[in-house]
Amino acid sequence: MHNPQLNAQGELTHLLTTDGLPREILTQILDTASSFLEVSDRDVKKVPLLRGKSVFNLFFENSTRTRTTFEIAAKRLTADVINLDVGRSSTAKGETLLDTIDNLVAMHADMFVVRHSASGAPYLIVDHLHRIGRTDVHVVNAGDGRHAHPTQGLLDMYTIRHYKKDFSNLTVAIVGDILHSRVARSDIHALNTLGAGEVRAIGPQTLLPTALAKMGVRVFNDLQDGLRGCDVVIMLRLQNERMNGTLLPSAREYFRCYGLTPKTLALAKPDAIVMHPGPMNRGVEIDSEVADGTQAVILPQVTFGIAVRMAVMSILAGN
Amino acid sequence: MPLTHLPDAEAQCTALAELIRPQLLPNTMLVGIHSGGVWVARRLTQLLGLPEQIGLIDVSFYRDDFGEKGLHPQVKPTSIPFDVDGRPLILVDDVLYTGRTTRAAINELFDYGRPASIRLAVLADRGGRELPIYAEFCTWEVELRKNQELVLEPDAAGRLQWRQAEHA
């Protein structure tokens, strides 16, 4: 099947999803990221790889943190970064997505980092760039609808590899609202490609998609059962807008059943790590004692995220 | 025509160490360029009785042909485990050719600080310079055609040796 992320030589030119990304490319991104990690520790936190390139952050949906980490990553590669608050400007005035893209291409954009509430929006942009013959312009999906958030998936893989080295014997649990989570999808695809021993999904039936078994995931509705013997626990944010009563009774009820506390975490392996893509809701999906505890690697995830985004942008720009 | 005789790289390392020895200052540090330069730099620290710590540079993030070739698929982390400011440095590589790798390495070092000096030590200088770069310490000058390449690699016992490759 045609993979719009790859060029004719099979090299990565856009990053749209971790689904169907060959293992060699995943590994190349993680290996490259480990070299970029050191750049952020230098006096001069910059390398000249993307000097003279213009990276446009196109966030049609709000996300200060993801936008900031992409901005930092691009700046540490010496790119020029332009942040467009598209939700509040052109789009609000009625411009279509592709007209916005055409205008920015006319301003000599080299790369788009796109966040959009509609699944597939970055694909539409890639398809359009292809049609207008601008295959030199690269697209990074920074989260599209419920579909994918590949750089978060990759930084999660980086974090797991950093602490656990090898994927093959690992049991990884993803806990929470998997139905609405593009992070969960990106994690599951990447974990499968990297050969993780077992991937589990834990959550109330109302927040689990039906196709999980087809993705090779073991489903648990009981947190205690699901956490037993896990090496990695990935907590997902419970989005407040799901709290309208149709999917969940209340935040307190959710915490009682699915909140990660020191007591429930004790069921996982003693050296299990706890991850969270942020922003956290303390007391909803995670207890403060766990979030601030020795097993949490939530802040290292943020640091690794910069290096992973630097790796992705420099690999794309070079292909 | 391939070179009929390739010199003993280990003996060259010993000769290179002797060239460097009189010029060493108490705080001189060696910086090896991945990967051949790192092997040579490690040999030199043993031969010169320097502290084991050396700098390692992978110039992939500083190359001037990134626009044409893209990022090298196996980038190694650069590691400069000492303060560069005010320190005399000796940059070590296996082969000096166009000088572009040396240029990239110098630029990268300056992102760590302002060294007192940087000098260049190589086992082989094959000519063909495209930049005003000069190796102060060099054990072997050799003429090669454009399609010929000198490769330094360790054998099964870990001894460094030269191999000559030809491209189409």
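Residues numbered from 1 in each chain as written. Chains lettered and ligands numbered in written order. Predicted model: local features only at pLDDT ≥ 70, side-chain atom pairs only at ≥ 80, totals over all residues.

## Some remarks on the overall build of chain A
- When helices and strands are counted, chain A shows 11 helices and nine strands.
- Here chain A has a C-alpha radius of gyration of 19 Å; the compact-globule value for 319 residues is 20 Å, and the two agree.
- Projected onto the principal axes, the alpha-carbon positions of chain A cover approximately 55 × 40 × 40 Å.
- Buried positions account for 46% of the 319 residues belonging to chain A.
- Of all intrachain contacts in chain A linking residues separated by at least 6 positions in sequence, the fraction that spans at least 24 positions is 80%. (Helix = DSSP H or I, 4+ residues; strand = E, 2+ residues; numbered from the N terminus. Rg over C-alpha atoms; globule rule 2.2 N^0.38 Å. Buried ≥ 20, exposed ≤ 12 C-beta atoms within 10 Å, placed from the backbone. Contact = placed C-beta atoms within 7 Å.)

## Details of the nonpolar core
Residues and elements named next belong to chain A.
- Counting 141 residues, the largest nonpolar core has V175, V233 and M313 as the members making the most contacts within it.
- Top element by residues in this core is helix α11 (residues 298–318). It accounts for 11 residues.
- Counting contributing residues, this core receives three or more from each of domain 1 (23–148 + 303–318) and domain 2 (150–300).
- When sequence neighbours within four positions are dropped, the list of residues in contact with V175 reads I202, G203, L223, V233, I234, M235, L236, Y258 and L260. (Core = buried A, V, L, I, M, F, W, Y, C linked by C-beta atoms within 7 Å. Domains from an automatic or database assignment.)

## A word on the domain arrangement of chain A
Residue and element names in this part refer to chain A.
- One can read the domain layout of chain A as domain 1 (23–148 + 303–318) and domain 2 (150–300).
- Placing a centre on the C-alpha atoms of domain 1 and another on those of domain 2 gives a separation of 26 Å.
- Each partner contributes to the interface: domain 1 provides 20 residues, whereas domain 2 provides 20 residues.
- The element contributing the most residues to the side of domain 1 that touches domain 2 is α11, with six residues.
- Tallied by class, residues from the side of domain 1 that touches domain 2 come to 10 nonpolar, six polar and four charged. (Nonpolar A, V, L, I, M, F, W, Y, C, P; charged D, E, K, R; others polar.)

## Structural notes on the sheet that holds strand β2 (residues 80–84) of chain A
Residue and element names in this part refer to chain A.
- What the four strands build is an open sheet, ordered β2-β1-β3-β4; its pairing is parallel. Each end of this open sheet is capped by a strand with a single partner; those strands are β2 and β4 (138–144). Averaged over neighbouring strand pairs, the angle between their axes works out to 15 degrees when direction is ignored.
- Sheet topology places strand β1 (residues 54–59) next to β2; five bridges connect them, and they run parallel. Of the residues in β2, the one forming a bridge with L58 is L84. (Pairing = 2+ DSSP bridges. Axes fitted to C-alpha atoms, helices over the stretch in contact; angles between N-to-C directions.)

## Details of the environment of B:Y134
- Position of B:Y134 relative to the elements: it lies in the loop between β4 (117–125) and β5 (137–141).
- Placed 128 residues apart in sequence, B:Y134 and B:L6 show a C-alpha to C-alpha distance of 23 Å.

## Overview of the interface of chain B and chain A
- Listed as interface residues are 16 residues of chain B and, on the opposing side, 17 residues of chain A.
- Partitioned by chemical class, the residues of the side of chain B that touches chain A number eight nonpolar, five polar and three charged.

## With respect to the packing of helix α2 (residues 64–76) of chain A against α11(A)
Residues and elements named next belong to chain A.
- At their nearest, the axes of α2 and α11 sit 8 Å apart, and the two run at 60 degrees to each other. What the angle tells us is that α2 and α11 run oblique. Between α2 and α11 the crossing geometry is right-handed. Residues T69, F70, I72, A73, A74 and R76 of α2 form the contact with α11, whose participating residues are G305, I306, R309, M310 and M313. (Parallel < 35°, antiparallel > 145°, perpendicular 65-115°, else oblique. Left-handed = near helix turned anticlockwise from the far one by under 90°.)

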